[in-house]
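Now for the letters of each chain:
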Amino acid sequence: MNLLHLILPLPSPAMRALQCLCCACLQKKNKEVTGTSCIDQAAELLRVLSTMDPGQQLPPPEATTKAIAEYFPWNVRFQLIGLGFAFYALVFLLAHFLSSTLSPTYNCLQAKEKVFWNLAATRAVFGIQSSVAGLKALTQDSRLSRNIASGQEDWSWFNMLTATGFFVFENAAFHAYSFVFGSLDLALATHHFFALAGYGGGVMSDSMGHFVPMVVLLLEMSTPFTCISWMLLKAGWARSMFWKANQWVMIHMFHCRIVLTYYLWWTSINNWEVINKHFPLALRIIFFVGLLLLTFIMNPFWTYKKTMQLFNPVDWNFGNKPAPENNQTEDQADVTVKPHAS
């Protein structure tokens, strides 16, 4: 009772701290527990609490998010966006120089196919970064998973900003490609628009949580396997067991993408009110329209095309050209360009 009388008059923060401390002491098993030891530890904790500003003992939930956002002022955000753009532009150029030196297949490709080859390699690297970020958000206990609507961390800001830099590069490369080679894939242009608009808008919002954007990045899990599939197909390895195994894994990744879109719908519906509170209206519109297109049009279509490609290896990015035989170069005839980036 003496301990109870000590606790009751205290302010709420100290009361909860002391209650937790005393319960921990009393719940220890196979050890002798005395009231004096608990009181001594409680007194020390009270001494620490007394040195703190009472208004800061229990900060509001938004305080941590605000503090993290303050680490990323606009000059830092622009620098990281520029870093993402420069890094993936460097990957693009590095893919060109390495392929020119090491790959006979690359040297036999047309100019537009070489550009697509380098873009595929660049997207594969981004797919690896995106998969790591998405899996971390989905599987680890963090501020993001504990507060889906407004939780942020320094690593999520880094991935948001560098991903925005990649999408700036991707849109610039895509539209330059379309202009130079006289082609335009409207569906792919729409896909790139939603990606850049969503993440570009996200880096301007300090209140928006990063759980949903990080999980959306996990949709890029199929991209590295798509890159491997296309490169091996161009090299004449479409009949090999390695290409078929990679194709099976890639198809499985596309099925996982479908499941992931369902999870995003389930998460959004179960957190509808808080998402409406912390996500700006424009970003909600972009997200849900994009998710609608992914769920009912893009993912089913791409999964179907990749599955058909397993049984009939053709380059459907460039006019459904049949896959060349192993160790043979393909015909260099001009083809209609219909690139696809998934």
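Novice: Would you mind showing me how to read the overall build of the chain here?
Specialist: Within the chain, the secondary structure is distributed over 15 helices and 2 strands. Taking all 342 residues of the chain together, 48% fall into the buried category. When the accessible surface of the chain is split by element, carbon and sulfur atoms take 67% of a total near 17900 Å².

Novice: What should I look at first to understand the packing of aromatic side chains in this one?
Specialist: Pairs of aromatic rings are described using the distance from one ring centre to the other and the angle between the two planes. Across all of its chains, the model carries 20 aromatic pairs by this definition. Geometrically, the ring pair formed by Trp74 and Phe78 is tilted, given 5.5 Å between the ring centres and 35° between the ring planes. Note that Trp74 and Phe78 are positioned in helix α5 (residues 74-102) at a spacing of 4 residues, about one turn of the helix. Lying over the aromatic face of Trp74, Arg77 brings its terminal NZ or CZ to 4.8 Å of the ring centre.

Novice: Whenever I open this one, the pattern of salt bridges confuses me. Can you help?
Specialist: In a structure, side chains of opposite charge can pair up when their charged atoms sit close to one another. Summed over all chains, the structure comprises 5 salt bridges. For the salt bridge of Arg123 with Glu170, the shortest nitrogen-to-oxygen distance reads 2.7 Å. Remark: Glu170 occurs in helix α9 (residues 154-181) and Arg123 occurs in helix α7 (residues 111-139); sequence separation between them is 47 residues. Comparing Arg123 with Glu170 shows no difference in burial state: the two are buried. Via salt bridges that share partners, Glu113, Lys234 and Asp315 belong to a single interconnected network.

Novice: What should I look at first to understand the packing of α9 against helix α10 (residues 186-202) in this one?
Specialist: The description of two helices packed together rests on the angle between their axes and the distance between the axes. In the contact formed by α9 and α10, the axes pass within 9 Å of each other and the chain directions differ by 150°. Considering the angle they form, α9 stands roughly antiparallel to α10. Two packed elements cross with a definite hand, and for α9 against α10 that hand is left-handed. Contact residues: Met160, Ala163, Thr164, Phe167, Val168, Glu170, Asn171 and Phe174 in α9; Leu188, Ala189, His192, Phe193, Ala195, Leu196, Tyr199, Gly200 and Gly202 in α10.

Novice: Just to check I follow, could you spell out α10 for this structure?
Specialist: In an α-helix, one turn spans 3.6 residues; hence positions three or four apart end up facing the same way. If you check α10, its first and last C-alpha atoms are 24 Å apart, about what 17 residues at 1.5 Å a residue would give, namely 24 Å. Of all the positions in α10, only Leu188, Ala189, His191, His192, Phe194, Ala195, Tyr199, Gly200, Gly201 and Gly202 are classed as buried. On its buried face, α10 is in contact with α7, α9, α11 (211-217) and α15 (281-311).

Novice: Would you mind going over a nonpolar patch on the surface with me for this structure?
Specialist: The grouping of Trp74, Phe78 and Met204 at the surface amounts to a nonpolar patch, some 370 Å² of accessible area in total. Mapped onto the secondary structure, Met204 falls in the loop between α10 and α11. Classification of Met204 by relative accessible area gives exposed; the value is 57%.

Novice: How should I be thinking about the confidence of the model for the chain in this particular structure?
Specialist: Any region with low pLDDT has predicted coordinates that should not be read closely. Here the chain averages 82 in pLDDT, and 73% of its residues register 70 or above. Predicted confidence is poor over residues 329-342, with pLDDT under 50, and the contacts of this stretch with residues over four places away or in other chains come to 46 contacts.

Novice: Is there a simple way to explain the side chain of Ser229 in this structure?
Specialist: Looking at the secondary structure, you find Ser229 in helix α12 (residues 223-234). Classification of Ser229 by relative accessible area gives buried; the value is 2%. The contact partners of Ser229, leaving out residues within four places of it in the chain, are Trp243, Asn246, Gln247, Met250 and Gln309.

Novice: What's the story with the packing of α12 against helix α13 (residues 241-270) in this structure? I'm lost.
Specialist: Relative orientation of the contacting elements α12 and α13 amounts to 150°, with a least axis distance of 9 Å. Taken together, the axes of α12 and α13 are roughly antiparallel relative to one another. Taken as a pair, α12 and α13 cross one another with a handedness that is left-handed. Contact with α12, carried on its side by Phe225, Thr226, Ile228, Ser229, Leu232 and Leu233, involves Phe242, Trp243, Asn246, Gln247, Val249, Met250, Met253 and Phe254 of α13 and no other residues of that element. Taken together, the residues of the contact of α12 with α13 break down into 10 nonpolar, 4 polar and no charged.

Definitions and cut-offs
Residues numbered from 1 in each chain as written. Predicted model: local features only at pLDDT ≥ 70, side-chain atom pairs only at ≥ 80, totals over all residues. Heavy atoms only, no water. Helix = DSSP H or I, 4+ residues; strand = E, 2+ residues; numbered from the N terminus. Buried < 20%, exposed > 50% of the residue type's maximum accessible area, 1.4 Å probe, protein only. Areas by Shrake-Rupley, 256 points an atom, 1.4 Å probe, with all protein chains shown as cover. Phe/Tyr/Trp six-rings, centres within 6.5 Å; stacked < 30°, edge-to-face > 60°. Lys NZ or Arg CZ within 6 Å of the ring centre and 35° of its normal. Salt bridge = Lys/Arg side-chain N within 4 Å of Asp/Glu carboxyl O. Axes fitted to C-alpha atoms, helices over the stretch in contact; angles between N-to-C directions. Parallel < 35°, antiparallel > 145°, perpendicular 65-115°, else oblique. Left-handed = near helix turned anticlockwise from the far one by under 90°. Contact = heavy atoms within 4.5 Å. Expected span 1.5 Å × (residues − 1). Patch = residues over 30% accessible without salt bridge, like charges linked within 9 Å, V, L, I, M, F, W, Y side chains within 5 Å. pLDDT = per-residue confidence, 0-100. Nonpolar A, V, L, I, M, F, W, Y, C, P; charged D, E, K, R; others polar.

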